[in-house]
Amino acid sequence: SMSRADSRKMSVDISDQVTWLITLVENILYMTRIDNNKLEVNCQPEVPDDVMNEAVAHVPALRDRPFTLVLPEQVETVPMDGKMIVQVLVNLLDNAVKHTPPGCPIRLSARAEGPWMAFYVDDGGPGVPPDQRRQIFGSFVTSGKVGADGRRGIGLGLAICEAVVKAHGGQIRVEDSALGGACFLFTLPRKEKNNHE
């Protein structure tokens, strides 16, 4: 019979697989909506801390990493479609895990910058060469690399991230990270657009 540790490990593996499948399906659904220009964002006031914590909870592989979470200095609400922004963060964190070696640090941070709330996913991996930084957000670009778990990155992730961020009126890009690898950052407007101004 299985030891308790083995059966616990098996149930963790199963729940990770389920999480991964749900993420995959949500990604495909978003992609379909984007292609049909039906990506509607339902903005509600959300606290960035909550959205960040929720995203981290959805990426179990971070537990095996030197991972840092840096919340904004002040607690505030930012208008966003919380579920979608969680998905963007999950995609970016997931990519950071997939594209960096096991001991590599990963950091998720956010800070207010003028009219924007800026979110950063930094890693200490190989980074993204400057000549690939624009096309990396193209729909079906995959690195073709098979992850440590034998899964091939489907490459829908970044196209979805970009579409979601743009639908919120923000921007997304990749830069060099202070950690030595890639820094994926995106901005969201801190205030509702007011039609009366």
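This section reports on the structure supplied with the text. Values in this document were obtained by computation on a predicted structure and should not be read as measured data.

Bringing the overall build of the protein chain into the picture now. The number of helices and strands found in the protein chain is four helices and seven strands. Starting at the N terminus, the α and β elements of the protein chain follow one another as α-β-α-β-β-α-β-β-α-β-β. Out of the 197 residues belonging to the protein chain, those deemed buried represent 42%. A separation of at least 24 residues holds for 71% of the contacts in the protein chain among residues at least 6 apart in sequence. Element-wise, carbon and sulfur atoms account for 53% of the exposed surface of the protein chain, whose accessible area totals about 11,000 Å².

Moving on, we get to helix H4 (residues 157-167). Each α-helix winds once per 3.6 residues, and so residues spaced three or four apart point in a common direction. For H4, the buried fraction is high: nine of the 11 residues fall into the buried class. Looking at H4, one finds that the buried residues are Gly157, Leu158, Ala159, Ile160, Cys161, Glu162, Ala163, Val164 and Val165.

What follows is about the packing of aromatic side chains. In this structure the tally under the stated criterion is two aromatic pairs. When the centroid spacing of 4.9 Å and the interplanar angle of 15° are considered together, the rings of Phe119 and Phe186 count as stacked. Of the two residues, Phe119 sits in strand S5 (residues 116-123) while Phe186 sits in strand S7 (residues 182-189), which places them 67 residues apart along the sequence. You can call Phe119 buried: its relative accessible area is 0%. Residue class for Phe186 comes out buried when judged on its relative accessible area of 0%. For the ring pair Phe137 and Phe184, a centre distance of 6.2 Å and an interplane angle of 75° mean the geometry is edge-to-face. Of this pair, Phe137 sits in the loop between S5 and H4 while Phe184 sits in strand S7, and the two are 47 residues apart along the sequence. The exposure class assigned to Phe184 is buried, which follows from its relative accessible area of 8%.

Looking now at the pattern of salt bridges. Applying the stated rule across the entire model yields eight salt bridges. A salt bridge links Arg134 to Glu162; its shortest N-O distance comes to 3.1 Å. Of this pair, Arg134 sits in the loop between S5 and H4 while Glu162 sits in helix H4, and the two are 28 residues apart along the sequence. We classify Arg134 as exposed; its relative accessible area is 55%. Between Glu162 and Lys166 there is a salt bridge, with the nearest N and O atoms lying 3.7 Å from each other. You can see Glu162 and its partner Lys166 sitting in helix H4, four residues apart, about one turn around the helix. Taking relative accessible area as the criterion, Lys166 reaches 49% and is therefore assigned partly exposed. One salt-bridge network, held together by shared partners, links Arg134, Glu162 and Lys166.

Below, the discussion takes up the sheet that holds strand S4 (residues 106-113). Spatially, S2-S4-S5-S7-S6 is the arrangement adopted by the five strands of the open sheet, whose pairing is mixed. Because the sheet does not close on itself, it has two edges, and the strands there are strand S2 (67-70) and strand S6 (172-176). Sheet twist, expressed as the average angle between the axes of neighbouring strands with direction ignored, equals 20°.

Conventions used here
Residues numbered from 1 in each chain as written. Predicted model: local features only at pLDDT ≥ 70, side-chain atom pairs only at ≥ 80, totals over all residues. Heavy atoms only, no water. Helix = DSSP H or I, 4+ residues; strand = E, 2+ residues; numbered from the N terminus. Buried < 20%, exposed > 50% of the residue type's maximum accessible area, 1.4 Å probe, protein only. Contact = heavy atoms within 4.5 Å. Areas by Shrake-Rupley, 256 points an atom, 1.4 Å probe, with all protein chains shown as cover. Phe/Tyr/Trp six-rings, centres within 6.5 Å; stacked < 30°, edge-to-face > 60°. Salt bridge = Lys/Arg side-chain N within 4 Å of Asp/Glu carboxyl O. Pairing = 2+ DSSP bridges. Axes fitted to C-alpha atoms, helices over the stretch in contact; angles between N-to-C directions.

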